[in-house]
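Architecture at a glance
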Amino acid sequence: AEAARHALAELDPVAQARSQARQSPPPRPGTAVVPSLRREVSDAGSRETLPGTVARVEGAAATGDAAVDEAYDGLGATGALFRDAYGRVAVDGAGGLLAATVHYGREYDNAFWNGERMVCGDGDGEIFERFTKSVTVIGHELAHGVVQYTAALEYQGQAGALNESVSDVFGVLVEQKLLRQEAARASWLVGAGLFTDQVSGSALRSLKAPGTAYDDDVLGRDPQPATMAGYVSTQADNGGVHINSGIPNHAFYLAATTLGGFAWERAGQIWYDTITEQSLPVDCTFAGFAAATLAAADKRYGTASPEYSAVTDAWGAVGIRP
Ligand code: ASN
Ligand code: ZN
C-alpha cells in the first residue's frame with residue numbers, strides 16, 4: 001500500500017505536467033500539447049444523494065480525508081492509463097471531467113458508475129473496507145464510463161459479462177501501469193485489500209485464476225468460471241454479468257502473459273481498439289467479441305504477428321471459437 005501510494009504520488013499527472021513544464025521549454029507553435037486531466041471528487045456525507053459537495057478539484061492539495069484523496073489519486077492513475085497508453089483524454093474521450101463521489105450512503109458495500117461519475121461507499125467495516133482503497137476498483141468503475149461512450153455494451157447476458165470484463169481488464173491495467181508491473185509479476189486481482197480480515201479472501205475477482213478470489217462462510221465461494229466449460233446460465237445478476245466475465249477476463253490474462261512485458265501495451269491496446277474501433281453490436285456475444293479482438297489485432301499488428309497468435313490461442317484456451 002505504501003509503495004502504491006508512493007507510485008500514485010509519483011505518477012500524479014498534475015505533478016508530472018508541472019515538472020515537465022519546469023524542465024522543458026514551452027512547446028513551439030504547432031507542437032502537440034498533452035491535454036491535462038480535470039478531476040473532481042465530491043463527498044456525499046453518508047447520504048445517497050448525488051453528486052454531493054465538491055471536496056477536491058484538480059490541482060488542489062490533499063484533504064486528509066483518505067477516501068477523497070484515494071479517489072483523486074485513482075482518477076489520476078486511470079486518466080493517465082487511458083491518455084498516455086491509448087491517447088484517450090478523460091472518460092468521454094473529449095477532455096471532460098473525471099468525477100467521483102465518496103462517502104456514499106451508510107456502510108454502503110459497493111462502488112458503481114452512475115452514467116456520469118464513479119460512486120464509492122465506505123463499506124460496512126465487517127465485510128468491506130472503503131472502496132477507494134483499491135485502485136483496480138476505481139479503474140473498473142471509470143472503465144464502465146469508457147465503455148458507455150464507446151462500445152455501449154448492454155448490461156445483460158454475454159454482452160453484460162463483456163462489459164464487466166472490459167472494466168476488470170482496464171481496472172487491473174490501471175494498477176499495473178501505476179506500479180510499472182510486467183504481466184508475469186502482476187497479481188491480476190480486482191479489489192485486493194477491500195475485504196476486512198474477517199473475510200477469507202484476497203480480492204473480488206482474479207483474472208489469472210477466476211473462481212479462487214475468495215471462499216468465505218458469509219460470501220460463499222467465488223463463482224467465476226475461467227472457461228466455457230464452466231459457463232453459468234442464470235437469471236440472477238443480469239444473467240451472470242459478474243460471473244461469466246471470468247471467461248473473457250481469463251482470455252485477456254492468457255493473451256497478455258503469452259506476449260509478456262507490459263500488459264497495457266499490446267494486449268491492452270488490442271482490447272482498447274476492439275471497444276473503440278470495431279463497431280461492436282450492443283448485444284455482442286463472446287464469440288463476436290473474440291472475432292473483433294482478432295480483427296483489431298490484425299489491423300494493428302497483422303495476422304502473422306505474435307499479437308495475433310497470442311489472442312487466437314487465448315480464446316481457444318477458454319473454449320471460445322471466434
Ligand atoms: N461494483 C459493481 C460494478 O461496477 C456495481 C454493479 O454491479 N453495477 O460492476
Ligand atoms: Zn462493473
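Residues numbered from 1 in each chain as written. Chains lettered and ligands numbered in written order. Predicted model: local features only at pLDDT ≥ 70, side-chain atom pairs only at ≥ 80, totals over all residues.

1. A closer look at the site of ligand 1
The criterion, for reference: Any residue whose C-beta atom, as placed from the backbone, lies within 6 Å of a molecule or strand is termed near it. Strands are runs of DSSP state E lasting at least 2 residues, helices are runs of H or I lasting at least 4, and numbering of each runs from the N terminus. Only Asp, Glu, Lys and Arg are considered charged, only Ala, Val, Leu, Ile, Met, Phe, Trp, Tyr, Cys and Pro nonpolar, and every remaining residue, Gly among them, polar.
All residues in the neighbourhood of ligand 1 are listed as N110, A111, F112, E141, H144 and E164. Elements represented by at least two residues in the shell around ligand 1 include exactly β4 (111–113) and α4 (135–149). Residues belonging to the shell around ligand 1 are distributed by class as follows: two nonpolar, two polar and two charged.

2. What about the nonpolar core?
For the record, the criterion: For the purposes of this analysis, a nonpolar core is taken to be any set of buried Ala, Val, Leu, Ile, Met, Phe, Trp, Tyr and Cys residues that are connected through C-beta atoms within 7 Å. For the exposure call, what matters is how many other C-beta atoms sit within 10 Å of a residue's own: 20 or more marks it buried, 12 or fewer exposed, and in between partly exposed, using C-beta atoms placed from the backbone. Segmentation of the chain into domains, including their bounds, is taken from an automatic or database domain assignment. By the convention adopted here, residues make contact when the C-beta atoms placed from their backbones lie within 7 Å.
Grouped together as the largest cluster of nonpolar side chains are 91 residues, with contacts concentrated most on A71, C120, A251, F252 and A255. The biggest single contributor to this core is helix α5 (residues 157–178), with ten residues. In terms of domain composition, this core takes at least three residues from each of domain 1 (37–149) and domain 2 (157–317). Setting aside residues up to four positions removed in sequence, F252 forms contacts with V169, L207, A267 and W271.

3. Structural notes on the packing of helix α7 (residues 246–259) against helix α10 (residues 306–317)
Axes are the key here: two packed helices are described by the angle between their axes and the distance separating the axes. Basically, it comes down to this: Inter-axis angles, ranging from 0 to 180 degrees, are taken between N-to-C directions of lines fitted to C-alpha atoms, where helices are fitted over the stretch in contact. Two helices that cross are described as forming a left-handed crossing if the nearer one is turned anticlockwise from the farther one by less than a right angle, and a right-handed crossing if clockwise.
Close contact between α7 and α10 brings their axes to 8 Å; oriented N to C, the two are set at 145°. The two elements α7 and α10 meet at a crossing, and its hand is right-handed. Contact residues: A251, L254, A255, T258 and L259 in α7; P306, E307, A310, V311, D313, A314, W315 and A317 in α10. For the contact of α7 with α10, a count of residues per class yields ten nonpolar, one polar and two charged.

4. Considering the domain arrangement of the chain
Taken domain by domain, the chain holds domain 1 (37–149) and domain 2 (157–317). One C-alpha centre belongs to domain 1, the other to domain 2; they are set 22 Å apart. For the side of domain 1 that touches domain 2, the secondary structure elements donating two or more residues are α3 (66–86) and α4. Among the elements that take part in the side of domain 1 that touches domain 2, α4 stands out by supplying nine residues, more than any other.

5. Quick look at the UniProt feature "domain: Peptidase M4" (unreviewed entry) in the chain
Convention followed: UniProt positions are given in the numbering used here, feature names are shortened, and annotations may be inferred rather than shown by experiment.
Under the local residue numbering, the UniProt record ascribes the feature "domain: Peptidase M4" (unreviewed entry) to residues 64–148. Secondary structure content for residues 64–148 is 41% helix and 13% strand, and the end C-alpha separation is 32 Å.

6. Some points on the UniProt feature "domain: Peptidase M4 C-terminal" (unreviewed entry) in the chain
The residues that UniProt annotates with the feature "domain: Peptidase M4 C-terminal" (unreviewed entry) are residues 151–320. As annotated, residues 151–320 comprises 47% helix and 5% strand, and the C-alpha atoms at either end are separated by 20 Å.

7. Focus on the environment of G191
You can see G191 is positioned in the loop between β6 (189–190) and β7 (205–206). With 25 C-beta atoms counted inside 10 Å, the residue G191 sits in the buried group. Each C-alpha atom of the pair G191 and R83 lies 23 Å from the other, and the pair is 108 residues apart in sequence. Once residues lying within four places of it in the same chain are set aside, the contact partners of G191 are S134, T136, V137, A203, L204 and R205.

8. Concerning unusual backbone geometry
Cis geometry marks the peptide bond from L50 to P51; its omega dihedral reads 10°. If you trace the backbone, P51 turns up in the loop between β1 (39–43) and β2 (53–57). The residue E107 is not glycine, and still its phi comes out positive at about 50°. Within the secondary structure layout, E107 lies in the loop between β3 (98–102) and β4.

9. Notes on the sheet that holds strand β5 (residues 118–120)
Note: strands within a sheet are paired through backbone hydrogen bonds, in either parallel or antiparallel orientation. What counts here: In this scheme, strands are said to pair when DSSP sees at least two bridges between them.
Sheet architecture is open: five strands sit in the order β2-β1-β3-β5-β4, paired in mixed fashion. Only two strands of the sheet have a single partner each, and these edge strands are β2 and β4. Adjacent strand axes in the sheet meet at a mean angle of 20° when their direction is disregarded. One ladder, built from five bridges, connects β1 with β3; its direction is parallel. Counted as the bridge partner of S42 is T101 from β3.

10. Here's the deal with α7
Convention followed: Helices are assigned an expected span. That span is 1.5 Å times one less than the residue count.
Here α7 spans 20 Å end to end across 14 residues, near enough to the 20 Å set by a 1.5 Å rise per residue. Most of α7 is tucked away: 13 of the 14 residues are buried. The positive-phi residue at the C-terminal boundary of α7 is G260, with phi of around 75°.

11. With respect to the pairing of β3
For β3, the buried fraction is high: five of the five residues fall into the buried class. Side chains of β3 alternate between two faces, with L98, A100 and V102 and A99 and T101 buried alike. As defined by bridge partners, β3 adjoins β5 across two bridges and the pair is classed as parallel. Residue pairing in the sheet places T101 in a bridge with V119 of β5.

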